[in-house]
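# Coordinates in review
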Amino acid sequence: MRFLRGIGTTVVLIVLCFALVLTLVAGPLRLIVLNPSFLKTFVPSKSYCEEMRTRISDDLDHVAILYGLDSGALAEVVTDDSIRTFTSGLIDALFAAENKDSLNLPAYPADGFAAYLREHTSYSDNAIRDFSEDCAAAVTEDLSAIDASLLVSKFTAFRDSTFVNMLIILFGAGVALTILMSVILKLMYLGPSRRAGSVLLWGGYFMGITLVLVPVMQFLLFDYVGRLNITVSAFRTILTGLLYTALYGWLIVLLVLFVIVSLFLLIAIIRAARKKK
């Protein structure tokens, strides 16, 4: 009888780990990695905006010099708020169903540049208009650098794939299977062996979470995103910002679950060991 229960326990734990992996892959992929609201909130961080302003300033300096301004004079015209607003629009366009091969992005507003030149120079209205349009075009080109037909089409294909469309179903199936296996494992260890059953249950949760946590953590620890073979540019800043935000969001969810499960597993082990003296 004990032998059969041991075999049954092994099978249940394997299925439990599979269910947890399914849950912890499908859930974060749909609710974090492919969630535009999450990305719009966390991608345009302070460091992201500072890096984008550095990239933008390099191109704005060329325009500034052509109009007799000092290098770096336009650095403060492009604000963090404007970068966040444009980045939010970029992410919305990236997830818009009608955008298949390219993104429909608005032009960066030129009013700020016109106001700056009008305040610091006595140029004519035509010169101010040309200057502001050139500056806005340079900033728009940087902020929309990710609008590459190959990248957009590949992302669109992935976004509209059957796998992505089934993520919510897979997540629900994973949760249901996890609950079912947990109940079965509990029923297998009733009475005097319930403490051993608790250790097995929380141990199964621990293994399932670890199977997802370790690859995600390894991906970040070895900085595979930072090793992308892309020259330093606004395109690299936007792409790495999206990838890092998705991965760190996923990691935080896994770490919280890992800590909670580890705590309950430790308590279950202590209770089981205390009974055995």
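See the structure above.
Quick look at the structure, then. (Residues numbered from 1 in each chain as written. Predicted model: local features only at pLDDT ≥ 70, side-chain atom pairs only at ≥ 80, totals over all residues. Heavy atoms only, no water.)

The subject of this paragraph is the environment of Asp-70. Mapped onto the elements, Asp-70 comes out in the loop between α3 (46-66) and α4 (80-95). For the pair Asp-70 and Asp-134, spaced 64 residues apart in sequence, the C-alpha separation works out to 16 Å. (Helix = DSSP H or I, 4+ residues; strand = E, 2+ residues; numbered from the N terminus.)

Turning our attention to the state of the cysteines. Throughout this description, disulfide means a covalent bond between two cysteine sulfur atoms. Under the counting rule described, the total for this entry stands at 0 disulfides. Free cysteine Cys-135: the closest other cysteine sulfur is in Cys-49, separated by 19 Å. Note on Cys-135: relative accessible area 0%, which makes it buried. (Disulfide = S-S within 2.5 Å. Buried < 20%, exposed > 50% of the residue type's maximum accessible area, 1.4 Å probe, protein only.)

Okay, the packing of aromatic side chains next. Using the criterion set out here, one finds 11 aromatic pairs in the structure. Plain terms: the ring middles of Tyr-67 and Phe-131 are 5.0 Å apart, the flat faces sit at 75° to each other, and that makes the pair edge-to-face. Of this pair, Tyr-67 sits in the loop between α3 and α4 while Phe-131 sits in helix α6 (residues 125-143), and the two are 64 residues apart along the sequence. Like Phe-131, Tyr-67 is buried. A ring pair is formed by Phe-222 and Tyr-224, whose centres lie 6.1 Å apart and whose planes are at 20°; its orientation type is stacked. Taking the relative accessible area as the measure of exposure, Phe-222 reaches 40% and is therefore partly exposed. Through a chain of ring-to-ring contacts, the aromatic side chains of Phe-86, Tyr-108 and Phe-113 assemble into a single cluster. (Phe/Tyr/Trp six-rings, centres within 6.5 Å; stacked < 30°, edge-to-face > 60°.)

So, on to the packing of α3 against α4. Here α3 crosses α4 at 95°, and the two axes come no closer than 10 Å. Judged by the inter-axis angle, α3 sits roughly perpendicular to α4. Residue-level inspection shows Tyr-48, Cys-49, Met-52, Arg-53 and Ile-56 of α3 in contact with α4, the latter providing Asp-80, Ile-83, Arg-84 and Thr-87. Taken together, the residues of the contact of α3 with α4 sort by class into 5 nonpolar, 1 polar and 3 charged. (Axes fitted to C-alpha atoms, helices over the stretch in contact; angles between N-to-C directions. Parallel < 35°, antiparallel > 145°, perpendicular 65-115°, else oblique. Contact = heavy atoms within 4.5 Å. Nonpolar A, V, L, I, M, F, W, Y, C, P; charged D, E, K, R; others polar.)

With 16 residues, α4 extends 23 Å between its outermost C-alpha atoms, agreeing within 8% with the 22 Å of an ideal straight helix rising 1.5 Å per residue. By the burial criterion, the buried members of α4 are Asp-80, Ser-82, Ile-83, Phe-86, Thr-87, Leu-90, Ile-91, Ala-93, Leu-94 and Phe-95. (Expected span 1.5 Å × (residues − 1).)

A few words on the packing of helix α5 (residues 111-120) against α6. Between α5 and α6, whose axes approach to 8 Å, the crossing angle comes to 135°. Our classification of the angle between α5 and α6 gives oblique. When the axes of α5 and α6 are compared, the crossing they make is right-handed. Contact with α5, carried on its side by Phe-113, Ala-114, Leu-117 and Arg-118, involves Ala-127, Ile-128, Phe-131, Ser-132, Cys-135, Ala-136 and Val-139 of α6 and no other residues of that element. Split by residue class, the contact of α5 with α6 holds 9 nonpolar, 1 polar and 1 charged. (Left-handed = near helix turned anticlockwise from the far one by under 90°.)

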